[in-house]
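# Structural description and commentary
Next come the chains, spelled out residue by residue.
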Amino acid sequence: MNFTYFLFFVCIVICTLIITYWAARRSQTTFQFYTAAGELTGIQNGMAIAGDYISAASFLGIVGAIALNGYDGFLYSLGFLVSYLVVLLFVAEPIHHLGKYSLGDVICARFPSNQIRWIMAIGSFIISIFYMIPQLVASGLLIRLLLDLDYTTSVLIIGSLMTVYVVFGGMIATSWVQIVKTILLMSSTFLLSLIVFSYYNWDINDLLQKVKAGTPFGDQFFMPGHLLSNPYEMISLYVALILGTAGLPHILIRFYTVKNAAEVRKSVLTASWIIGLFYVMTLVLGLGTAAVIGYDELIVADSTGNLAAPLLAKALGGDFLLAFVSAIAFTTVVAVVAGLVISATTAFSHDLYHHIFKKGKTTEKEQLRAAQWSAFGIGLISTLFALGLKNINVTFLVSLTFIVAASSNLPIILFTIYWKRFSQTGAIIGMVSGLVASLSLLVLGPHIMNVENGWILREPIFSLYNPGIIAIPIGFLGAIIGSLLFPGREKVDFETFYIKAQTGISIRRGND
Amino acid sequence: MDAILKWKKERRLFLIWLTILSIIFYLSLPIALAIIPEWMNASPIGSITWAWIYAFLQVIMTWIIGWIYWIKAKQLDKLVAQIKQEASE
């Protein structure tokens, strides 16, 4: 690995470890460990959310998807961005008002029971782990390509870093690493975009002409349909993306890190502005790659298109810019996986250990130790998993997490907050049906059952790559039917609950 | 209790309208791509097609809707403060 790369790489590692050291001295209580003591401002939290959300898959994958397929790649970006409206309008503030550390807290605020806690904890845990593993695998491959380290070393480095950040620095370290990553990512993407424009002397028409010249699609490049072959895929993908974010535990728990509803709104708005700007810039980068590098050379370098951004950086700015972009990609990976580790840790240590196993009777010190040990265990196990999955195509796990989040978590969250007749049994049935539907449709679909390179070498029984359009309604229906068939005895008055969820005010009723 | 009812009604009305309009606006993109592809691929300005214009509009609308929500939420916050006052009396 040449010296420039090494230098950037070491810089990032040292900076993040300094952040962790600073955070460690302020992570002595569970309040600090799990939620940064609610001290982040709306804008800081917004930057952290953006940092948590934009993964290397977005940065590299979407630039590549746009470079290869044009319009359809941009559709991914749109889905990711629009999903923040769902979060803003329906779930962000209620989650902040109802829960303390985890998603389980939110649902248990209405249905206090171990059953519900189990199911929310397991759901959050599974989603976080399933999201994390493809990130680790992809990052291992990426770091190997860019920094010339072998896969095992790369995964070990990223795995150890993410574990150190969370064990010692908790949510504070995680948030600030994410904030730093956002700043670095946005500035480097902005820089690259400017370079792309200046390369074509700020003549957009020239750029667009060169794009058409650089791809076998020619004039047709800008037409939709190159990646998502039929309208059902398009709609299914779009809906899954729009609804998915509002069910992702690692994003939702970030609303505990600020102190009131106004800051929650600011967080989501800031995140959506950053994410929106980012995706517009990746559009520029994607088109730039098609124009400067061209389709053929890109496919030869990497058939998934993931090397588009680094190749573009190298073509426009030589080795130095490539090293810079690689370092950014690396920071992007660690920031996201750290967020996932703390999300899985919260589910395990707060919901399972503290509430269920220990029945809520542990001291502060015990809770903190449990959280730190959980983070260590989770980091270790995910790293080992990723090491074992080196040659396996795990990209389907990414679509899985969004679909599972939208079909099992989201219905439960929405109905808990808004539907009076929702019942505990309905919640369980909804969660299970969403999970089962997503998993089975994915296993029966072309990701896994693929005659060429699937895990099961047969024709797929279910034809959509994105089963969201079927799985998500099943999840919602399961929750609805379950509640209507098995209405529960309300332990919590819905009116009071609704007001608490929307405003944070606890009203004492019975005086009317 | 008056403030609570007023707040609930205003909020509910606002959210329902905003949601319906948003759903129509956002879902029309993939549906339009499916049903009227020829129209979506027509280019009114240079080589930029309606499909791309609509896509960019979705980005801008997201920011606008977010901003509308922010303003309305601030208004509703005043009602919430009233509720808080009544609750502590």
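First things first, this report covers the structure right here in the doc. (Residues numbered from 1 in each chain as written. Chains lettered and ligands numbered in written order. Predicted model: local features only at pLDDT ≥ 70, side-chain atom pairs only at ≥ 80, totals over all residues. Heavy atoms only, no water.)

All right, on to the interface of chain B and chain A then. Listed per partner, the contact involves 39 residues of chain B and 41 residues of chain A. Interface area for chain B against chain A, summed over the two sides, is near 3,700 Å², with a carbon-plus-sulfur share of 77%. Its largest share of buried area at the contact with chain A, chain B owes to W52, W63 and W70 of chain B, together 20% of the area lost on that side. At the junction of chain B with chain A, the criterion picks out 2 salt bridges. One salt bridge in this structure joins K8 of chain B and E495 of chain A, with 3.1 Å as the shortest N-O distance. Of all the elements in the fold, those that place two or more residues in the side of chain B that touches chain A are α1 (2-35) and α3 (50-87) of chain B. Among the elements that line the side of chain B that touches chain A, the one with the most residues is α3 of chain B, at 20 residues. Looking at the side of chain B that touches chain A, its residues break down into 26 nonpolar, 7 polar and 6 charged. (Contact = heavy atoms within 4.5 Å. Buried area = accessible area lost by both parts, 1.4 Å probe. Salt bridge = Lys/Arg side-chain N within 4 Å of Asp/Glu carboxyl O. Helix = DSSP H or I, 4+ residues; strand = E, 2+ residues; numbered from the N terminus. Nonpolar A, V, L, I, M, F, W, Y, C, P; charged D, E, K, R; others polar.)

All names here are of chain A. Tracing the sequence through the fold places D351 in helix α14 (residues 308-357). A relative accessible area of 1% places D351 in the buried class. Polar side-chain contacts of D351 include one of 2.8 Å to the side chain of S102. Not counting residues within four places of it along the chain, the set of residues in contact with D351 comprises S102, G104, D105, R117, A121, T346 and I356. (Buried < 20%, exposed > 50% of the residue type's maximum accessible area, 1.4 Å probe, protein only. Polar contact = N/O pair within 3.5 Å; in protein donor to acceptor, adjacent residues only side chain to side chain.)

This next bit is on unusual backbone geometry. Residue and element names in this part refer to chain A. Phi is positive for A36, close to 55°, though the residue is something other than glycine. Here A36 shows up in the loop between α2 (30-35) and α3 (42-53). Residue class for A36 comes out buried when judged on its relative accessible area of 4%.

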